[in-house]
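Coordinates in review
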Amino acid sequence: MKNFIQNIKKIIVFVLTIDKSIVAYVVPIIIIQSIQPFIPIVFISLILNALEESKEISTVVSLIVIMLTASALLSIAISFFNRLKDIKFDILQRKISGKIGELALTMDYSKLEENAVRDLFNRSKDAEQIVGIFNNFTSIISIVITLIGLVSIIVTLHPLLLLMIIFVLVIRILKNQKAIKLYEKWRPIIAPMLRKRIYLNAISMQNIKYGKEVRLFDLTPWLNEKYEDNSQEIDQCAVDRNIEAEKQNALPEFLEIIQTLCIYLYMAYRVIFTNVKIGYFSLAVNSALTFSKKLLQLVDIIMNMSVYNMFMVDFVKLMELRNQSSIYTKGGVVFEKFENIEIEFNNVSFKYPHTETYVFKNLNIKLSPRKSIAIVGENGSGKTTLIKLMLRLYEPDEGKIYINGVDLRNIDYQSYLNLIAVVFQDYKTYAFSIRENVAINNAANQERLSVAYKASGLCTKIDRLANGDETILMRDYDENGIEVSGGETQKMAIARALYKNAPIVILDEPTAALDPVAEYTLFKDMQELQKDKLAIFITHRLTSTRFCDQIFVLACGGVHEQGTHKELIMKKGLYSEMYHKQAYYYRTQKTD
């Protein structure tokens, strides 16, 4: 219960942090909803007593007019404030969705790669649930105020009625506890099914991305079969869950009918045998039934909040994971001079989370400033993992990584990001203009853009476009957007890294769509352009490493060989073997 209350508090604080003005919309609703049930209860009692006492018709009419007017005014007021609240909640929901997206964007990358965390996001991404929690919390307040008023009426008239209501209430609470356990049982079962549904939907909806293969390999029947299997799996899960739930609902609903009957019979007995006025009969019965109804609403809301608590636990976990992320670590060493950057791996050992095999074991490597470095090796040798560690996407299990002698973990994160420009193997482009894709959120500098366009080879494409670098990519947001080739998107990603003008440039096999000659030319041009910087090239094409100042060959969890291209060829080791195999392949391919 303590954790439940703390989680509610965290959600309420989260909502109010986003928009405190929401309070001004919900407070009037709480007040009106608290008062509204008493209008018919009290006035119908007064009207019946007036009729029983044969009072003047004007008195009865006056009471009826007052009751209807008050009810109408309160209904109009609550409708008005509810409309305002709904509009405000829609805005709030969009803001919360943005915040949830921010959680994903600012969380450590190593966490996002874990299936458990992705399931956590899948269960927690629904902004409606957060708004629902806040809405339920305000409903609890108004119901509690109403119950306090009704208890005072019932206790004054007939305390025995409370016992009848509490008996059924206890049954309902026990039933709802079983319902929560049922929800807890089925929730983790259905989460992977829903994740699979989202993936299948993405394939069908992102038609441009998957469209060619779907058509050429006639994948539609196969995908439809998988979608149908997934649908049947989800439907069967829902049916089994609903059957279990319905079995639990029968007894409480039957007891509520018995409770209502007992209240009427008891009050009828009081009217007939103890001379209780008919107005008090109405007051007691309506108060008791309203109390029972409101109490059951309160229990249902609290139990729903208990179900929401599973969502709250997940959401709070996400916020805690975000707060543990290195991007939120303030302070540390700030690099003001961006020159002569040296990177050193000292006895670094690393294995991916939830695996037992080490990618690196006691890795030692030093990347000197103002050098062009090539990192090569066979598939699975750890080339990309080395870059992920260097970029703080993962932390070493053992050992340390130093930047100019400073432990990487002690460097201010934002300051460190300013040191590096990266082109990943799985580079991305965005459905905005070419200029925005290259400059990103920096204020576009035309001179730097021109240099980046020319060095990456992108200028040829831009010169052929009517709108130049203002041309929009893809058609997600603009029907006039263009689709570009894989080679052109690679050039765009490279231009983005060049534009950043950082002292460390990393290219992680970004040129797979280019032929070997084009790749070699690009790397050579970039070496010339980046000669005052530390340039790191990850590539499987060894013909492109000949211009590098130093080459590191990764194998067996560490550095297997290192040296210049000429030195490594003369060693006749792993590098030489891989180089000659590739050279033979390219010669025979050219002959063919």
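Attention in this report is confined to the structure presented alongside it.

1. A few points about the side chain of D19
For D19, the location among the structural elements is in the loop between helix 1 (2-18) and helix 2 (22-35). Every residue in contact with D19, bar those within four places of it in the chain, is listed here: K88, L92 and K95.

2. Quick notes on the packing of aromatic side chains
For the structure on display, the rule yields six aromatic pairs. Measuring from centroid to centroid gives 6.2 Å for F89 and F134, while their planes differ by 70°, and the two rings are edge-to-face. Here F89 is found in helix 4 (residues 57-105), whereas its partner F134 is found in helix 7 (residues 127-157), with 45 residues between them in sequence. Relative to Y352, the ring of F350 lies with its centre 5.0 Å away and its plane at 75°, an arrangement referred to as edge-to-face. Here Y352 falls in the partly exposed class, since its relative accessible area comes to 22%. Ring pairs connect the aromatic residues F350, Y352 and Y394, which therefore count as one cluster. Over the ring of Y358 we find K361; its NZ or CZ atom is 4.1 Å from the centre of that ring.

3. Quick look at the sheet that holds strand 3 (residues 372-377)
Taken in spatial order, the six strands of this open sheet run 6-7-8-3-9-10, and their pairing is mixed. Edge positions in the sheet fall to strand 6 (420-423) and strand 10 (558-563), since each has one partner strand and no second. Each strand of the sheet is rotated relative to its neighbour by a mean of 20°, with strand direction disregarded. Where strand 3 and strand 9 (residues 550-555) come together, five bridges link them in parallel fashion. The residue bridging I373 from the neighbouring strand is Q550, located in strand 9. In the packing of helix 17 (residues 486-500) onto the sheet, the strands contacted are strand 6 and strand 7 (504-508), and the crossing angle to strand 6 comes to about 175°.

4. Re a nonpolar patch on the surface
A contiguous nonpolar surface patch, about 300 Å² in accessible area, is contributed by V23, V27, I31 and I35. Structurally, V23 is set in helix 2.

5. Let's talk about the packing of helix 15 (residues 446-456) against helix 17
Interhelical geometry of helix 15 versus helix 17 gives an angle of 140° and a closest axis separation of 8 Å. In terms of orientation, helix 15 and helix 17 fall into the oblique class. Handedness of the helix 15/helix 17 crossing: right-handed. For the pair formed by helix 15 and helix 17, the contact residues are R448, L449, A452, A455 and S456 on the first element and K491, I494, A495, L498, Y499 and K500 on the second.

Definitions and limits used
Position numbers for residues start from 1 in each chain and track the written sequence from start to end. Whole-chain, interface and lining totals are the exception, using all residues; otherwise, since this is a predicted model, local features are given only for residues with pLDDT of at least 70 and side-chain atom pairs are given and counted only at 80 or more. Side-chain calculation: all heavy atoms of the structure are included, whereas hydrogens and water are not. To qualify as a helix, a DSSP run of H or I must reach at least 4 residues; to qualify as a strand, a run of E must reach at least 2; elements of each kind are numbered from the N terminus. Throughout, a contact is declared for two residues whenever any of their heavy atoms are within 4.5 Å. Stacked, tilted and edge-to-face are the three classes assigned to paired rings of Phe, Tyr and Trp, where Trp is represented by its six-membered ring and a pair needs centres within 6.5 Å; plane angles under 30 degrees give stacked, over 60 edge-to-face, the rest tilted. Residue exposure (1.4 Å probe, protein chains only): buried if accessible area is under 20% of the type maximum, exposed if over 50%, otherwise partly exposed. Look at NZ for Lys and CZ for Arg. If either is within 6 Å of the ring centre and within 35 degrees of the ring normal, a charge sits over the ring. Strands were regarded as paired on the criterion that DSSP finds at least two bridges between them. The angle between two axes is taken between their N-to-C directions and runs from 0 to 180 degrees, where each axis is a line fitted to C-alpha atoms and a helix contributes only its stretch in contact. Exposure above 30% relative accessible area and the absence of a salt bridge qualify a residue for a patch, where like charges join within 9 Å and nonpolar side chains (Val, Leu, Ile, Met, Phe, Trp, Tyr) within 5 Å. For the area figures, the Shrake-Rupley method with a 1.4 Å probe applies, and any residue is considered shielded solely by the protein chains shown. Definition used for salt bridges: Asp or Glu carboxyl oxygen within 4 Å of a side-chain nitrogen of Lys or Arg. In this scheme, roughly parallel covers angles under 35 degrees and roughly antiparallel covers those over 145, while 65 to 115 is roughly perpendicular and the rest are oblique. Definitions for this section: a left-handed crossing has its near helix turned counterclockwise from the far helix by less than a right angle. A right-handed crossing has that turn clockwise.

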